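Geometric and topological summary
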Amino acid sequence: MSRWRSVLRTPVGACAALLLVGVLALAVLAPILWSAQADRVDTDAIRQGMSAEHWAGTDDLGRDLFFRVLVATRLSVELALLATLIAVVVGLTLGALPALVGSRLGRYVVAFVNITVAFPGLLLALFLAVIFGVGARGAVLAIGLAGAPAFARLTQTLVAGVIERDYVAAARAAGIGRFRVLLRHVLPNIAEPLIVNATISAGGALLAFAGLSFLGLGVQAPQYDWGRLLGDGLAGIYVTPAAALAPGIAVVIAGLAFNLFGEALAKAVGLTTPLGRALPRLPRRTDSSAPSDAVLEVRELTVTLPSGARAVRGVSLQIAPGEAVGVVGESGSGKSLTALAIAQLVEEPLQVRAERLHFQGADLQAQAHRKLLGTSLAMVFQDPMTAFNPTQRIASQLAEGAREHGGLSRQAARARVIDRLRAVRIHDPERRARQYPHEFSGGMRQRAMIGMGLMGTPALIIADEPTTALDVTVQQQILQLLAEIRAADHVALLLISHDVTVVSAVCDRVLVMYAGRVVEDLPAAELARGARHPYTRALVAAVPTMESDRQLPLTVIPGRMPDPDDVSAGCSFAPRCALADAHCAAEQPELIASADGRRIACWHPAPASLALQES
Amino acid sequence: MLRFDQVTIRYGSRIAVDNVSLTVPDGEIVGLVGESGSGKSTLARAGVGLVAPTSGQVLLGDRPVGLRSPVQLVFQDPYSALDPRMTIGQSIAEPMPRASRADRRAEVSRLLELVDLDPSRAMQYPAQLSGGQRQRVALARALAGQPEVIIADEITSALDVSVQGTVLNLIRDLQAQLGLSMLFISHNLAVVRYVATQVAVMHHGRIVEHGPAPEVLGNPQHDYTRELLASLTT
């Protein structure tokens, strides 16, 4: 509801709403107030121009045109709305019919709509106007029916989108009939775009009606609407221009009111993310101390959302050459954003800031290092389907980076592609390179994705949930492949995953993230038994394994992670933590490194030895 | 009891489910594992009558399953499983048998408590709930239809581990309390092992192995089951 109201807060929306209310008020009030003036015949003042007495002049019978234009508002708007109503009702019915009658009959309905959509609306209206006969009724039917196909098409598309949803299937599986499913689940969920479109097409109907009346096919004497007044006035346009201009202006204003309001609605309703204020660009506090020998060095990385909330709050990490570091956390912990921010893939309106963001000793925050990212950093995403362009062959997509950054010739790039595909264990790489992404299975696409990262000589692979979309058996092969690549070329790996078992199987070291912060940094081997942060321990315990005791309930973490907008001053995990006290709620624990290189942010960490004993 | 009797389902020339016979006995949870594309979800949809078998039949007791049969389906994606325009209470009340307003409201409260949610949430919309809470609402909705069998299609795979546990515990509790019969579909063997008494393994549209959970998981006979188990332990 608030989105609808927010329309009024935009300047265009407010103007359009005001204009629309004005037009509608005029349509209601004008005939009541000014019918007498509009119909009064004055034979002494025939075809006069503009004057103080008659603001828009008079017509053949000396009737005041200004009042006639005002009074005509009702009929013009009424007929336009009526036509729109017909278009909406007929369109909705036709559009929803395929969902009701089943796929076989539905196909004929769709075909019929497709054919009618192909005719230009005005042509259809003219054709129908002739069939239904000259007059207001015929014109309403004509414009209404002419508008119906577009509506039917829109409804069909929207219905098709909603009907795939699980809640529709759930309702049907619950024995709810098709018609009730349509009324209760489908129509309410497509109402917004339909209302927006109806508003815009009301403006169109108004114009079309003016057109038909102007041609003499619409409203007939003694009734009059803007179109007829325009037609009558046009004869004397050189003598008394006001007679034609006044209804013309009325049509333009009313048409604008409907269209603008519809557009403003569309903008507000279609907008899924609220527009934030532009954030002031803060000066970077960069740390210019000497670079270490780490492949990646990140200090105090922060990602700020448009709302001003911080989704990543001061993450620091280092990756040594050849080291595999895992980042685990639940959805919303900021782990993927951290990875994207490091790879410089976070865009406006999100803002990334870091005290230090060095890759192979070069400052990534200085713009000049795009090429470094292209050749030395490989990125592997969760969904290999969307990561490839479906219209291009695998070979040309893999070769793109190498030709741009590496300056390879077409032949050299191609040879490299085949070599790399072989390196990621794709059989028959010569043939596979010529294929399109859809000809690859999920696991093969992920291999190709990794192969793309290997086109250069990467020092670091960032893999964001690389196996989540894959089946367990394939997952195993991909993890194996990543391990082999690391071993062969001494490549470092930053592996983002929600899956504790995947991370501990592949990585040397694990960072545990919670609510945008790293809460623990520990050797992967310690994850299962030696974790010290209560969150890490709970996360590990919550995973059911083949050894879980079936008689006992599974360990759960009560509550939920706070949204970036409402992180507290204290430890973010405190509300869900059994060990939390007043201190935890009041003050945030810093991430403190211990002598053995582990880091932990907790006021009550399990002692290292105790952690071992308990398990 | 729900019985798939030599069910085959084709989409055009593709065979999604190939001659599957599987029984969900009264009061038991049967786990169905297999990878994506193995035909698990198609079988689930056939189980509630959303998809008609090309050949064979799905029987509840001795009658063929239709859309009005007391079999309910719970879906994977907690974000598309509930109508965003309906309150939690309205969603849960939808599959209920006809009753007075007050009775329905009381039943909604009872079901919400059954799935460990505060009954006052009945007035809230799905957008105000977390993924795990939505899955519990979806379960309450399924229970509202007073089903003889519930089919749960990957209901925890979109959830975080910390939340997955609450849903699995709930399934176990409900089963113990209500004696539910359930076909529990998942790609995760550890999850299936935790809730199910019987396990069936599906591969390329066929059931390749089926039996009591400890036997199938402890002493797998089919290569594919062995491969699945092997991928877990490393």
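Predicted model only: the values in this text are computed from it and were never measured. All residue numbers here refer to positions counted from 1 along the written sequence of the relevant chain. Numbering of ligands from 1 and lettering of chains from A proceed in the order in which they are written. Totals for whole chains, interfaces and linings use every residue, but because this is a predicted model, local features are given only for residues with pLDDT of at least 70 and side-chain atom pairs only at 80 or more, for both listing and counting. Side-chain metrics rest on all non-hydrogen atoms present in the structure, leaving aside hydrogens and water.

**Some points on the packing of helix 17 (residues 442-453) of chain A against helix 18 (residues 472-489) of chain A**
Residues and elements named next belong to chain A.
- Under this scheme, a helix contributes an axis fitted over its contacting stretch, all axes are lines through C-alpha atoms, and angles between N-to-C directions fall in the 0 to 180 degree range. Put simply, DSSP marks the helices as runs of H or I at least four residues long and the strands as runs of E at least two long, and each gets a number from the N terminus on. Where helix 17 contacts helix 18, the axes come no closer than 10 Å and their chain directions differ by 15°. In this view, helix 17 runs roughly parallel relative to helix 18, as classed from their interaxial angle. Helix-helix and strand crossings are classified by hand; for helix 17 and helix 18 the assignment is right-handed. Where helix 17 approaches helix 18, its residues Gly 443, Gln 446, Arg 447 and Ile 450 are matched on the opposing element by Val 474, Gln 477, Ile 478, Leu 481, Leu 482 and Ile 485. Any angle from 65 to 115 degrees is called roughly perpendicular, while one under 35 is roughly parallel, one over 145 is roughly antiparallel, and all others are oblique. A crossing counts as left-handed when the near helix is turned anticlockwise from the far one by less than a right angle, and as right-handed when that turn is clockwise. We call two residues contacting when some pair of their heavy atoms lies within 4.5 Å.

**Comments concerning the interface of chain B and chain A**
- Of the residues lining the interface, 52 residues belong to chain B; the matching set on chain A comes to 41 residues.
- Accessible surface is computed with a 1.4 Å probe, and the buried area is the amount of it that two parts give up when combined, taken over both parts together. Taking both sides of the interface into account, the surface hidden between chain B and chain A amounts to around 4,100 Å²; carbon and sulfur atoms contribute 52%.
- Here A:Glu192 ties to B:Arg85 by a salt bridge, and the two come within 3.5 Å at their closest N and O atoms.
- Elements with a contribution of two residues or more to the side of chain B that touches chain A: helix 1 (40-48), strand 6 (71-74), helix 4 (131-144), helix 5 (161-178), helix 6 (189-195) and helix 8 (223-233) of chain B.
- Among the elements that line the side of chain B that touches chain A, the one with the most residues is helix 5 of chain B, at eight residues.
- Among the residues forming the side of chain B that touches chain A, the class breakdown is 24 nonpolar, 16 polar and twelve charged. Here, a salt bridge means any Lys or Arg side-chain nitrogen found within 4 Å of an Asp or Glu carboxyl oxygen. Under this grouping Gly is polar, as are all residues other than the nonpolar Ala, Val, Leu, Ile, Met, Phe, Trp, Tyr, Cys and Pro and the charged Asp, Glu, Lys and Arg.

**Some words on the nonpolar core**
- Buried Ala, Val, Leu, Ile, Met, Phe, Trp, Tyr and Cys residues that are joined via side-chain atoms within 4.5 Å together make up what is termed a nonpolar core. Relative accessibility thresholds used throughout: buried, under 20% of the residue-type maximum; exposed, over 50%; partly exposed, between the two (1.4 Å probe, protein chains only). Ranked by size, the top nonpolar core spans 61 residues in total, and within it A:Ile450 and A:Ile461 carry the most contacts.
- Excluding residues within four positions of it along the chain, A:Ile450 makes contact with A:Val380, A:Val424, A:Ile478, A:Leu481, A:Leu482 and A:Ile485.
- Counting residues in hydrophobic clusters, the runner-up holds 53 residues, among them B:Ala122, B:Leu139, B:Ala152 and B:Ala190.

**Description of the packing of aromatic side chains**
All names here are of chain A.
- Only centres within 6.5 Å qualify two rings of Phe, Tyr or Trp (six-membered ring in Trp) as a pair; their planes then separate them into stacked at under 30 degrees, edge-to-face at over 60, and tilted for everything else. All told, the structure shown has six aromatic pairs over all chains when counted by the stated rule.
- Taking 6.1 Å as the distance between ring centres and 40° as the angle between the ring planes, the aromatic pair formed by Trp 34 and Phe 67 counts as tilted. Separated by 33 residues along the polypeptide, Trp 34 in helix 2 (residues 11-39) and Phe 67 in helix 3 (residues 65-101) bring together distant segments of the chain.
- Relative to Phe 573, the ring of Tyr 535 has its centre 5.1 Å away and its plane inclined at 65°; by these criteria the two rings are edge-to-face. Placement of the pair is Tyr 535 in helix 21 (residues 534-542) and Phe 573 in the loop between helix 21 and helix 22 (582-586), with a sequence separation of 38 residues.

**Looking at the pattern of salt bridges**
Residues and elements named next belong to chain A.
- Summed over all chains, the structure comprises 26 salt bridges over all chains.
- Note that Glu 323 and Arg 509 form a salt bridge whose closest N and O atoms lie 2.8 Å from each other. Within this pair, whereas Glu 323 is found in the loop between strand 2 (310-319) and strand 3 (324-328), its partner Arg 509 is found in strand 10 (residues 509-514), the two being separated by 186 residues in sequence. For the pair formed by Glu 323 and Arg 509, the shared burial category is buried.
- Its salt-bridge partner being Glu 465, residue Lys 335 comes within 3.9 Å of it at the nearest N-O pair. Remark: Glu 465 occurs in the loop between strand 8 (460-464) and helix 18 and Lys 335 occurs in helix 11 (residues 335-342); sequence separation between them is 130 residues.
- Via salt bridges that share partners, Asp 39, Asp 59, Arg 63 and Arg 68 belong to a single interconnected network.

**Let's talk about the pairing of strand 7 (residues 377-380) of chain A**
Residues and elements named next belong to chain A.
- What you see with strand 7 is no split at all: Leu 377 and Met 379 on one side and Ala 378 and Val 380 on the other are buried throughout.
- In the sheet, strand 7 pairs with strand 8 via four bridges, with the strands oriented parallel. Residue pairing for strand 8: Ala 378 is matched across the bridge by Ile 461. DSSP bridges decide pairing: two strands pair if at least two such bridges lie between them.

**Quick word on the pairing of strand 2 (residues 14-24) of chain B**
All names here are of chain B.
- Looking at chain direction, strand 1 (residues 2-11) and strand 2 are connected through seven bridges and run antiparallel. Residue pairing across strands places Ile 9 opposite Val 17, the latter belonging to strand 2.
- Counting the residues between successive antiparallel strands, the hairpin from strand 1 to strand 2 contains two residues, one of them, Gly 12, with a positive phi of roughly 60°.

**Observations concerning the side chain of A:His533**
All names here are of chain A.
- By secondary structure assignment, the location of His 533 is in the loop between helix 20 (524-530) and helix 21.
- Classification of His 533 as buried rests on a relative accessible area of 1%.
- Throughout this description, a polar contact denotes any pair of N or O atoms lying within 3.5 Å of each other; where both atoms belong to protein, one of them has to be capable of donating a hydrogen while the other can accept it, and for residues adjacent in sequence the pair is counted only when both atoms sit in side chains. Separated by 3.0 Å, the side chain of His 533 and the backbone oxygen of Ala 601 make a polar contact.

**Remarks on the UniProt feature "domain: ABC transporter" (unreviewed entry) in chain B**
- UniProt positions are given in the numbering used here, feature names are shortened, and annotations may be inferred rather than shown by experiment. In the numbering used here, UniProt assigns the feature "domain: ABC transporter" (unreviewed entry) to residues 2-229 of chain B.
- Strand forms 27% of residues 2-229 of chain B and helix 36%; the C-alpha atoms that close the span are 27 Å apart.

**Describing helix 18 of chain A**
Residue and element names in this part refer to chain A.
- The span expected for a helix works out to 1.5 Å for each residue beyond the first. Helix length check: helix 18, at 18 residues, gives a terminal C-alpha distance of 26 Å against a target of 26 Å (1.5 Å per residue), a fit within 8%.
- Of all the positions in helix 18, only Val 472, Thr 473, Gln 475, Ile 478, Leu 479, Leu 481, Leu 482, Ile 485 and Arg 486 are classed as buried.
- Note on helix 18: the residue one or two positions beyond its end, His 490, has a positive phi of about 55°.

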